[in-house]
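What follows is the residue order along each chain.
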Amino acid sequence: MATSTSSKLSKDVKQHYMDLPQGDKVQAMYIWIDGSGEGLRCKTRTLDSEPKTIEELPEWNFDGSSTYQSEGSNSDMFLIPAAMFRDPFRRDPNKLVLCEVLKYNRKPAETNLRNTCKQIMSMVDNNHPWFGMEQEYTLLGTDGHPFGWPSNGFPGPQGPYYCGVGADKAYGRDVVEAHYRACLYAGVDICGTNAEVMPAQWEFQVGPTEGINMGDHLWVARFILHRVCEDFGVVVSFDPKPITGNWNGAGCHTNFSTKEMREDGGLKIIEESIDRLAKRHQYHIRAYDPKGGLDNARRLTGRHETSSIDEFSAGVANRGASIRIPRAVGQDKKGYFEDRRPSANCDPYIVTEALVRTCLLKEEGEEPRDYRK
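Residues numbered from 1 in each chain as written. Predicted model: local features only at pLDDT ≥ 70, side-chain atom pairs only at ≥ 80, totals over all residues. Heavy atoms only, no water.

Test applied: UniProt positions are given in the numbering used here, feature names are shortened, and annotations may be inferred rather than shown by experiment.
With an unreviewed UniProt entry as reference, the protein chain is termed Glutamine synthetase, source organism Champsocephalus esox. Within the UniProt record for the protein chain, the comment given under Sequence similarities (unreviewed entry) is "Belongs to the glutamine synthetase family." Check the Catalytic activity (unreviewed entry) section of the UniProt entry for the protein chain; it says "L-glutamate + NH4(+) + ATP = L-glutamine + ADP + phosphate + H(+)".

**As for helix α4 (residues 213–232)**
This is how it is decided: Strands here mean DSSP runs of E at least two residues long; helices mean DSSP runs of H or I at least four residues long; both are numbered from the N terminus. Expected span, for any helix, means 1.5 Å times one less than how many residues it has. Burial status follows relative accessibility: with a 1.4 Å probe on protein chains alone, a residue under 20% of its type maximum counts as buried, one over 50% as exposed, and anything between as partly exposed.
With 20 residues, α4 extends 29 Å between its outermost C-alpha atoms, agreeing within 8% with the 28 Å of an ideal straight helix rising 1.5 Å per residue. Within α4, 15 of the 20 residues are buried, which leaves it mostly tucked inside the rest of the structure. Directly after α4, the chain includes G233, whose backbone phi takes a positive value near 80°.

**Side note on helix α2 (residues 114–122)**
For an α-helix, 3.6 residues make a turn, and residues three or four places apart therefore share a direction. Put simply, the test is: This arc is taken over the directions from the axis of the helix to the C-beta atoms. Whether two residues touch is decided by their heavy atoms; if any such pair falls within 4.5 Å, the residues are in contact.
Among the residues making up α2, those that are buried are R114, C117, I120 and M121. End-on view of α2: buried residues confined to an arc of 125°, all on one side of the axis. The elements touched by buried residues of α2 are β4 (76–86), β5 (95–102), β6 (130–140), α4 and α10 (348–359).

**Notes on a nonpolar patch on the surface**
Threshold: To count toward a patch, a residue needs a relative accessible area above 30% and no salt bridge. Like charges then connect within 9 Å, nonpolar side chains (Val, Leu, Ile, Met, Phe, Trp, Tyr) within 5 Å. Residue exposure ignores everything except the shown protein chains as possible cover, and the areas themselves are Shrake-Rupley values with a 1.4 Å probe. By salt bridge we mean one thing: a side-chain nitrogen of Lys or Arg within 4 Å of a carboxyl oxygen of Asp or Glu.
On the surface, a nonpolar cluster with roughly 320 Å² of combined accessible area is contributed by V13, Y17 and L20. For V13, the location among the structural elements is in helix α1 (residues 11–18).

**What about the pairing of strand β1 (residues 26–33)?**
To keep it simple, the criterion reads: Here, any two strands with at least 2 DSSP bridges between them count as paired.
Counting buried positions along β1 gives 7 out of 8 residues, so the element sits mostly inside the fold. With 8 bridges connecting them, β1 and strand β2 (residues 40–47) associate as antiparallel partners. The residue bridging Y30 from the neighbouring strand is K43, located in β2. Hairpin geometry of β1 and β2 is characterised by an intervening segment of 6 residues between the two adjacent antiparallel strands and by a positive phi of about 80° at G37. Pairing between β1 and β5: 4 bridges, direction parallel. From the neighbouring strand, I31 faces β5, where its bridge partner is L98.

In structure tokens, the structure reads:
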């Protein structure tokens, strides 16, 4: 299997330098979403002291013409610190800083979906919307071949790999364990992980997390996974259908609840929300992958534990439905529901925003409402 050249450099030599004292200075790695809406970029600056709040972090800038975000003739873009985490690679007191991107005129960049999401979440603070997102992904070699798969063939059919144990069933557990611990160190709300149905496919879960924090924590968890894979010399793919044929795709199932849903009798509120979601299926499909539904069309076929992209469905404990009500929720008459439609490469900001718009703000129709007018 092809691994990166960089991963073969001596980590012992690198560690000699990483162990050097850094005085009172702090390294802050600024992270942002590029113009693809899927890729992440980063760069580091030195701070004179350890920042304690996001307000202490300075704005920065970058060349947007090299990140698919601007023309070369007017390429300066602004990085606005939005969320701060501990750095699991350089360790304390160093920081990871997730940023929003603004254009030269200080307006949000096209792929800065956090800006509107924050506005929408601020409108429903009293409802305390909680989210939990189940991020599936696939490990690949640098040649794009699934990690651990035979070079000229396929592994055995699906069946023994989901939550599997053993070298012939779990492909790449070292990456998973390193990522999990790094997220815990960073302060990401990671709450679990497991091997998935297709070999070399895994999942981690983030949540329950309230409001805008859901998107912040999932994007930083993705960044950490990219960096961990970089160290191991492999690649992580969030493609919703990385391997064609009789293999499961990769989604980002999103669990959602409000204060009312979690209280006694909340099942009625859940059912009302599902009725509203049924009437806005196409709006949600467009929001649930970065290509407006084209990526999900390869995954949501009605097979491999998915619903059809063309039809809305809901059911208790039904993993072939658009919306699943967990069996325990049906029994307790309160709790949450799971939207199984978002793709693995979705932007969590627009997914969570769409759920709030439909279920809490009770929007109708195929377009989101502009509340700034």
